[in-house]
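Observations on the model geometry
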Amino acid sequence: MATALNVFDFNHIDTSLSKGTIEMLKNLYAYYHKKHYGYEKLYRGFQRKNLLCNIVAGKAIITSAVAGGITLNPVVFASLTGFGLVVKAVASFKKYDKKAEKANFARVEYKKILDSIRFYLRGEPFNEKAFLDKLKMVDDFISDHSMEIPAKVNQKYSKRFTTI
């Protein structure tokens, strides 16, 4: 198995920052990197599930129209159309599109936080209180409106990345 990737693969850390500030920003970066990774995996998974359901439903309905037209058998037409509608109903019931939107929102917000932390590590002016307040607001909003990251995704993250 390949070696784990390091989360702290930065181009530059400003030397004028105190060790405490650097350590705090690195800890925040590790935490939000894990969150970003988790929501990115959720987003991609829900996108794939939604796409798969839509493709299967569309193909079943199109196949039913072609096969029903060729065979002139209403059983073939009804069974394939019914299967396509059931698959579409499952996708609609599971709300994969809405779940993908929510996971994408969380993914984008955490990406913005990671970018901000990188900028602060490179020497941008840093207001600790304002930044931590912003992080709390984003975390509260996401925890209220999005789902939790499954433990399986967190285990994959731990195998893939190191935070040393």
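Before reading further, recall that the structure is shown in the block above.
The structure reproduced in this document is the subject of the present report. Every chain begins its residue count from 1, and numbering advances along the sequence as written. For this predicted model, a pLDDT threshold of at least 70 governs which residues receive local features, and a threshold of 80 or more governs which side-chain atom pairs are given and counted, while totals over whole chains, interfaces and linings are taken from all residues. To obtain the side-chain values, all non-hydrogen atoms of the structure were included, while hydrogens and water were left out.

Quick look at the pattern of salt bridges
Counted as salt bridges are all cases of a side-chain nitrogen of Lys or Arg within 4 Å of a carboxyl oxygen of Asp or Glu. Taken as a whole, this structure holds 6 salt bridges when the rule is applied. One salt bridge in this structure joins Lys112 and Glu109, with 3.3 Å as the shortest N-O distance. Of this pair, Lys112 and Glu109 both sit in helix H3 (residues 96-121), separated by 3 residues, roughly a single helical turn. Burial here depends on accessible area, computed with a 1.4 Å probe over protein chains only, as a share of the maximum for the residue type. Under 20% is buried, over 50% is exposed, and the range in between is partly exposed. Exposure remark for Lys112: the relative accessible area of 44% places this residue in the partly exposed category. By relative accessible area, which is 16% here, Glu109 ends up buried. Numbering goes from the N terminus for both helices and strands, where a helix is a DSSP run of H or I of at least four residues and a strand is a run of E of at least two.

Regarding the nonpolar core
With 34 residues, the main nonpolar core has Leu28, Tyr32, Tyr39, Tyr110, Ile113, Ile117 and Phe131 as its most contacted residues. Elements that contribute at least two residues to this core include exactly helix H1 (19-71), helix H2 (74-94), H3, helix H4 (128-145) and helix H5 (151-160). At 13 residues, the largest contribution of residues to this core is made by H1. Here a residue-residue contact requires only that any non-hydrogen atoms of the pair lie within 4.5 Å. Not counting chain neighbours up to four residues away, the residues in contact with Phe131 comprise Leu28, Ile113, Ser116, Ile117, Tyr120 and Phe126. Within this scheme, the nonpolar core is defined by two criteria: the residues are buried Ala, Val, Leu, Ile, Met, Phe, Trp, Tyr or Cys, and they are joined through side-chain atoms within 4.5 Å.

Quick notes on the side chain of Asp139
Examined against the element boundaries, Asp139 turns out to sit in helix H4. Buried within the structure, Asp139 lacks any salt-bridge partner; its nearest side chain of opposite charge belongs to Lys35, at an N-O separation of 5.7 Å. In this structure Asp139 touches Tyr31, Tyr32 and Tyr110, once residues within four positions along its chain are discounted. When charges are counted, Lys and Arg are positive and Asp and Glu negative, with His and the chain ends excluded.

Quick look at the layout of surface pockets
Where empty space is left in the structure can be found by rolling a water-sized probe over the atoms. Put simply, the grid is 1 Å and covers the protein atoms alone, a cavity is a trapped set of points that fit a 1.4 Å probe, a pocket is an open set with protein on both sides within 12 Å along at least five of seven lines, and lining residues have an atom within 4 Å of a point. Grid points are joined across faces, edges and corners, and a volume is the space filled by probe spheres set on the points. The computed volume of the largest pocket comes to approximately 250 Å³. Counting residues per element, the ones that place at least two in the lining of the largest pocket are H1 and H5. Among the elements that take part in the lining of the largest pocket, H1 stands out by supplying 6 residues, more than any other. Taken together, the residues of the lining of the largest pocket sort by class into 4 nonpolar, 1 polar and 5 charged. By volume, the second largest pocket is sized at about 170 Å³. Going through the elements one at a time, H1 and H4 are the ones with two or more residues in the lining of the second largest pocket. Here the element with the most residues in the lining of the second largest pocket is H1; it accounts for 4 residues. Each residue is assigned to one class: nonpolar for Ala, Val, Leu, Ile, Met, Phe, Trp, Tyr, Cys and Pro, charged for Asp, Glu, Lys and Arg, and polar for all the others, Gly among them. In terms of residue class, the lining of the second largest pocket is built from 5 nonpolar, 2 polar and 4 charged.

Considering the environment of Lys129
Looking at where Lys129 falls in the secondary structure, it is placed in helix H4. C-alpha of Lys129 to C-alpha of Arg107: the two residues are 22 residues apart in sequence and 23 Å apart in space.

Overview of the packing of H1 against H5
Lines fitted to C-alpha atoms define the axes here, with helix axes fitted over just the stretch in contact, and angles between the N-to-C directions of these axes take values from 0 to 180 degrees. For the pair H1 and H5, interaxial distance at closest approach is 10 Å and the crossing angle is 125 degrees. With respect to each other, H1 and H5 are oriented oblique. Classified by chirality, the crossing of H5 by H1 is right-handed. In contact with Ala30, His33, Lys34, Tyr37, Gly38 and Lys41 of H1, H5 contributes Val153, Asn154, Lys156, Tyr157, Ser158 and Arg160. Should an angle fall under 35 degrees it is taken as roughly parallel, and over 145 as roughly antiparallel, whereas 65 to 115 is taken as roughly perpendicular and any remaining angle as oblique. The hand of a helix crossing depends on one turn: near helix anticlockwise from the far one by less than a right angle means left-handed, and clockwise means right-handed.

In short, the description is geometric, and any link to function would need to be established separately.
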